[in-house]
Amino acid sequence: MGLETKPLSTLHEKVSYNVEDFPVPTGREEEWRFTPLSRLKGLHDGAAAAGGVLVHVDAAPEVTVETVGRDDPRLGKAYVPADRVSAQAFAVFEKATVLTVAREAVASKPTVITLTGSGAGAAYGHILVKLEPMAEAVFVLDHQGSAVYADNVEFVVGEGATLKVISLQDWADDAVHVSHHHALLGKDATFRSFVVTLGGDLVRLSPSVSYSGPGGDADLTGLYFVDAGQHMEHRLLVDHSQPNCKSNVTYKGALQGEDAHAVWIGDVIIRVEAEGTDTYELNRNLLLTDGARADSVPNLEILTGEVAGAGHASASGRLDDEHIFYLQARGIPFDDARRLVIRGFFAQLLEKIELPELRERVLGKVEAELEK
């Protein structure tokens, strides 16, 4: 398939499965200007040496797991790559993992997909999660180890189905991960995404949502903690092209240390035919030390006058001295007061993680960050 240009929108207008349709990024392009290309280790220009990432699936009994070749006709139906790394990953992956939940089936436990880097060279992957109509399931993507990894993950949510996904980026300190999550929602489908990014040298994650029928409901939540020298970038796109759909985006991050850098881009398009859309996006960044930097760019493009609601908010700031003082005045030491305030900053998000053991693991990781 050749280069396509989407009509009537200035956001994400070029899409193609062909790597050559995307020039090698230089850093001057809008979609790459925040990303330190020299730290991508060749993922953006094809120079990366071959490596491996081990994929292990602990599936619910109701989930069918298949390993398929790249010629499987089910692959690539939920999206078309919108940048060079996504197209590169689609062009060169060898095997894909396909997970299917049958019509009206309700998964009895979460399905956990563990991706473990081997530490040698670059790897490219592809995962497809497909829920047939009226099905319900919870999936966990758990990224560990050392890797240079680029992948595409497709979530196809059938009519009236409900899919909840937790993606945990808990890589080793030297890992590089560029990932694209594409969700396609059918009529009256529900999609809940929770992204947690803690580990890695550079992580650039691009979740996107599109709708194939009216009544779809998407909620995208993210939590990230950025340490000295880390670059964590989340680039979201919600493309409303069907009437009476909803989307809500809430991402929060904390940063500490010299050259800790967080980037959040939130793009929402409401197309002419998407009357009755209700959408909101929020990003908050807490700068805990000098030398940390957060870039936050919400973009809302409305092409119809008939919307139920549309808004966005973005703010980055330091810890509230009054909150700290209030707690210290009641006998709580500074370090404990700081920890309580930061835990409160994330508390509402953590409550959304419905798996207690995973919620405790993430909370423990945040607590460990605060001890540094």
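Note on numbering: residues in each chain are counted from 1, in written sequence order. Local features are withheld for residues below a pLDDT of 70 in this predicted model, meaning they are given only at 70 or higher, and side-chain atom pairs are given and counted only at 80 or more; totals for whole chains, interfaces and linings count all residues. The basis for the side-chain values is all heavy atoms of the structure; hydrogens and waters are excluded.

- For the protein chain, the name recorded in an unreviewed UniProt entry is Fe-S cluster assembly protein SufD, with Streptosporangium minutum as its organism.
- UniProt positions are given in the numbering used here, feature names are shortened, and annotations may be inferred rather than shown by experiment. Per UniProt, the comment on the protein chain under Sequence similarities (unreviewed entry) is "Belongs to the iron-sulfur cluster assembly SufBD family."

## Concerning the environment of threonine 97
Part 1: Along the chain, threonine 97 falls in strand β5 (residues 95–101).
Part 2: Judged by relative accessible area, threonine 97 falls into the buried class, the value being 9%.
Part 3: Once the C-alpha coordinates of threonine 97 and glutamate 136 are considered, the two residues, 39 residues apart in sequence, prove to be 19 Å apart.
Part 4: Residues are treated as being in contact if the distance between any of their heavy atoms lies within 4.5 Å. Apart from the residues within four sequence positions on either side, threonine 97 is in contact with Val55, Val57, Val65, Glu66, His126, Ile127 and Leu128. Under the DSSP-based scheme used, a helix requires at least four consecutive residues in state H or I and a strand at least two consecutive residues in state E, with every element numbered from the N terminus. Here the term buried applies to any residue with accessible area under 20% of the maximum for its type, exposed to any over 50%, and partly exposed to those in between, with areas from a 1.4 Å probe on protein chains only.

## Observations regarding the layout of surface pockets
Regions of empty space are outlined by a rolling probe, equal in size to a water molecule, passed over the atoms.
Part 1: Put plainly, a pocket is an open set of points on a 1 Å grid over the protein atoms alone with protein on both sides within 12 Å along at least five of seven lines, a cavity is a set where a 1.4 Å probe fits but cannot get out, and a lining residue has an atom within 4 Å of a point. Grid points are joined across faces, edges and corners, and a volume is the space filled by probe spheres set on the points. Estimates place the volume of the second largest pocket at around 420 Å³.
Part 2: Contributing to the lining of the second largest pocket are 23 residues, with Val53, Glu94, Lys95, Tyr124 and Gly125 lying nearest its centre.
Part 3: At the level of secondary structure, the elements contributing two or more residues to the lining of the second largest pocket comprise β3 (53–58), β4 (63–69), β5 and β6 (111–131).
Part 4: When its residues are assigned to classes, the lining of the second largest pocket shows 14 nonpolar, 7 polar and 2 charged. Residues were grouped as follows: Ala, Val, Leu, Ile, Met, Phe, Trp, Tyr, Cys and Pro as nonpolar; Asp, Glu, Lys and Arg as charged; and all remaining residues, including Gly, as polar.

## Examining the nonpolar core
Part 1: Nonpolar cores are built from buried Ala, Val, Leu, Ile, Met, Phe, Trp, Tyr and Cys residues. Side-chain atoms within 4.5 Å join them into one set. Core analysis: the biggest nonpolar cluster contains 56 residues, and Leu131, Phe139, Phe155, Leu163, Leu185, Phe191 and Val209 have the highest contact counts within it.
Part 2: For this core, the element with the highest residue contribution is strand β7 (residues 136–157), accounting for 8 residues.
Part 3: Each residue touching leucine 131, except ones within four places of it in the same chain, is listed here: Val101, Glu136, Ala137, Phe139, Val156, Val157, Gly158, Ala161, Thr162 and Leu163.
Part 4: Judged by nonpolar contacts, the second largest core, of 28 residues, contains Ala254, Leu349, Ile353 and Val362.

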